[in-house]
Amino acid sequence: MESPLPLPDLLAAGSLPTALAPMQDVTDLAFMRLLGKYGVPDYFFTEYFRVHEHSTPEVHIVDSILHHGTGRPVFAQLIGENLVHLKRTVRLLSGLPIAGIDLNMGCPAPKVYRKNVGGGLLRDPGRVDRIFGTLRQAIPGRFTVKMRLGFDDKEPFEEILELVRKHQVDCLSIHGRTVKQMYRGEVDYERIGQAVQAVPCPVFANGNITSAAKAMEVRSLTGCFGAMIGRSAIRNPWIFAQTRDLSLGREPIRPLLGDVRNYVDDLWSVITREDCLERHRLNRMKKFLNFVGQGVDDEGRFLHDMRRAREAEEFFAVCDRHLVEDGREREPFAAEPYAGVVARPNHE
Ligand SMILES: Cc1cc2nc3c(=O)[nH]c(=O)nc-3n(C[C@H](O)[C@H](O)[C@H](O)COP(=O)(O)O)c2cc1C
């Protein structure tokens, strides 16, 4: 087999490659479709399929692969450690139109890593060796890995990179933090740069890539192949189009607060379901707007008011007040999150 297998073509040749980071309960069918409207990434990664004794591929994730309708390639992510069931799951997914299969080695949730899956695998390079060997053999096409720098320190990093080489992994995404850092602390782009030198496959840098300009900066810092973007794609769904344009020397779109107000309407109709209780729809909106609010005002007033809204009517009135009224709709939506305006803790 050729190693590594080349990735599918980019949307625009010569642009900085982008990928939507997998985010459980976020990067689903609805959100993928929404990015089809605002600007697709070159590559999608699904939420993770859980792999264990009784698992079958989750139908809603399969649906996201089948029906996103953007035309862009999708990598299916797995989380698990049992060799028999990983192989079984690869077989079950093999009939789907996927660009490859990705292994999650980064999830920092204690209930996950305690089972020695996700980020927990980084504590056991011997196990990683066996899993990589099994997946490499079982996957007929691209086998990709998403990892962090280590579990509680950055020790086994080089050993894992050696395994990436040994098993001819086709693409590596690196979130430049340890598992124990969760989402806090500096992202170590230098380490990502070391990985770029150490492995033959394309590397996606990941972690706090907050804008198109930051994506360009991270590429020059690390020499990475591309930028994988998670939370900032929720805040700013134009970010992939902006990155593509900036990297090609074109003027990127500069959304205004009025455009963000339209994004709120799109989120409401796409990511929440009409047949759900209003309270649940609002909670889901707040989860997304928690990120959007980081670009609305520098004191977090929108976030403060939005989080307190109890009914849809009040919620939309808050959105109108902060995003449209008194000429606000013509004000720019910040390209970077405002310093000190913090989204609530995330769950992986
Ligand atoms: C809500 C949420 C869910 C996530 N779910 C997953 C997941 O299913 N698989 C995975 O590999 N990483 C997951 N992540 C981690 C992201 O893919 C990414 O590595 C991390 O958010 C850092 O990138 P960012 O700073 O661009 O958000 C999740 C992150 C968030 C915020």
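Procedures and definitions
- Residues numbered from 1 in each chain as written.
- Predicted model: local features only at pLDDT ≥ 70, side-chain atom pairs only at ≥ 80, totals over all residues.
- Pairing = 2+ DSSP bridges.
- Helix = DSSP H or I, 4+ residues; strand = E, 2+ residues; numbered from the N terminus.
- Axes fitted to C-alpha atoms, helices over the stretch in contact; angles between N-to-C directions.
- pLDDT = per-residue confidence, 0-100.
- Buried ≥ 20, exposed ≤ 12 C-beta atoms within 10 Å, placed from the backbone.
- Right-handed = clockwise from strand over helix to strand, strands pointing away.
- Contact = placed C-beta atoms within 7 Å.
- Arc of directions from axis to C-beta.
- Domains from an automatic or database assignment.
- Nonpolar A, V, L, I, M, F, W, Y, C, P; charged D, E, K, R; others polar.
- Left-handed = near helix turned anticlockwise from the far one by under 90°.
- Core = buried A, V, L, I, M, F, W, Y, C linked by C-beta atoms within 7 Å.

*Asks:* Looking at this structure, how should I read the sheet that holds strand E6 (residues 171-178)?
*Replies:* Working definition: the strands of a sheet are paired by backbone hydrogen bonds and lie parallel or antiparallel to each other. Spatial ordering of the closed barrel is given by E1-E2-E3-E4-E5-E6-E7-E8, a layout of eight strands whose pairing is parallel. Between one strand axis and the next, the sheet turns by 25 degrees as a mean value, whatever way the strands run. Sheet topology note: the strand E1 (residues 18-20)/strand E8 (residues 226-229) ladder contains three bridges and is parallel. Residue pairing across strands places Leu20 opposite Ile229, the latter belonging to E8.

*Asks:* What am I meant to see in the confidence of the model for the protein chain here?
*Replies:* Predicted coordinates in regions of low pLDDT should not be interpreted in detail. Residue-level pLDDT values for the protein chain average 95, and 98% of them are 70 or greater. Across the protein chain, E1 holds the top mean pLDDT of 99, while helix H4 (residues 110-113) sits lowest at 89.

*Asks:* Could you clarify how one ought to interpret the pairing of strand E3 (residues 74-79) in this entry?
*Replies:* Remark: a regular strand shows side chains that alternate across the two faces of the sheet. When you tally the buried positions in E3, you get six out of six residues, the bulk of the element. Along E3, one buried face is formed by Val74, Ala76 and Leu78 and the opposite face, lined by Phe75, Gln77 and Ile79, is buried too. The sheet contact formed by strand E2 (residues 43-50) and E3 spans five bridges and is parallel. Bridge pairing links Phe45 to Phe75 in E3. The parallel pair E2 and E3, bridged by helix H2 (residues 59-67), forms a crossover whose chirality is right-handed. With four bridges connecting them, E3 and strand E4 (residues 100-105) associate as parallel partners. Counted as the bridge partner of Phe75 is Gly100 from E4. Read as a crossover between parallel neighbours, the route from E3 over helix H3 (residues 83-93) to E4 is right-handed.

*Asks:* I'm lost on the environment of Trp238 in this one. Help?
*Replies:* When you line up the elements, Trp238 lands in the loop between helix H9 (231-235) and helix H10 (239-247). Residue class for Trp238 comes out buried when judged on the 22 C-beta atoms lying within 10 Å of it. Ignoring anything within four residues of it in the chain, the contact list for Trp238 reads Tyr38, Gly39, Ile253 and Pro255.

*Asks:* What is the right way to read the pairing of E8 from this model?
*Replies:* Burial of the side chains of E8 extends over both faces: Gly226 and Met228 are buried on one face and Ala227 and Ile229 on the other. Where strand E7 (residues 203-206) meets E8, three bridges bridge the pair, whose relative direction is parallel. When the bridges of E8 are listed, Asn206 appears paired with Met228. Chirality of the crossover, the property in question, places the unit of E7, helix H8 (residues 212-222) and E8 among those that are right-handed.

*Asks:* Can you walk me through H2 in this structure?
*Replies:* An α-helical turn contains 3.6 residues, so a residue and the one three or four places further along point in the same direction. Within H2, burial applies to Ile61, Ser64 and Ile65. Relative to the axis of H2, the buried residues are bounded by an arc of 95 degrees and lie together on one face. In H2, the exposed positions that point more than 90 degrees away from the buried face belong to Val59, His60, Asp63, Leu66 and His67. Looking at the buried residues of H2, the elements they touch are helix H1 (29-38), E2 and E3.

*Asks:* Would you take a moment to explain the domain arrangement of the protein chain for this structure?
*Replies:* By convention, interface size is frequently given as the accessible area that disappears when the constituent parts associate. According to the domain assignment, the protein chain consists of domain 1 (18-247) and domain 2 (257-330). On the side of domain 2, nine residues touch domain 1, which itself brings nine residues to the contact. Elements with a contribution of two residues or more to the side of domain 1 that touches domain 2: H1 and H9. Ranked by residue count, the leading element in the side of domain 1 that touches domain 2 is H1, at four residues. Of the residues belonging to the side of domain 1 that touches domain 2, the class tally is five nonpolar, one polar and three charged.

*Asks:* How should H10 be read in this particular structure?
*Replies:* With respect to burial, H10 is a largely interior element, seven of its nine residues being buried. Listed as buried for H10 are Ile239, Phe240, Ala241, Gln242, Thr243, Arg244 and Ser247. The elements touched by buried residues of H10 are E1, H1, H8, E8 and H9. Following H10 by one or two positions, Gly249 has its phi on the positive side, about 80 degrees.

*Asks:* When you look at the packing of H1 against helix H11 (residues 257-271) in this model, what are you seeing that I'm missing?
*Replies:* Working note: a packed helix pair is described by the angle between its axes plus the distance between those axes. Relative to each other, H1 and H11 sit at 140 degrees, their axes nearing to 9 Å. As H1 packs across H11, the resulting crossing turns out to be right-handed. Note on element contacts: H11 touches H1 through Asp266, Val270 and Ile271, opposite Ala30, Phe31, Arg33 and Leu34. Partitioning the contact of H1 with H11 into residue classes produces five nonpolar, no polar and two charged.

*Asks:* Sorry, what's going on with the nonpolar core here?
*Replies:* Buried together is how nonpolar side chains tend to be arranged in soluble globular proteins. Formed by 98 residues in total, the largest nonpolar core has its most connected members in Leu172, Val203, Ala205 and Ala227. When residues in this core are grouped by element, the largest group, six residues, is from helix H12 (residues 278-292). Summarising the domain contributions, this core has at least three residues from each of domain 1 (18-247) and domain 2 (257-330). Those residues in contact with Val203 that sit more than four places away from it in its chain are Leu172, Ile174, Ile192, Ala195, Val196, Cys224 and Phe225.

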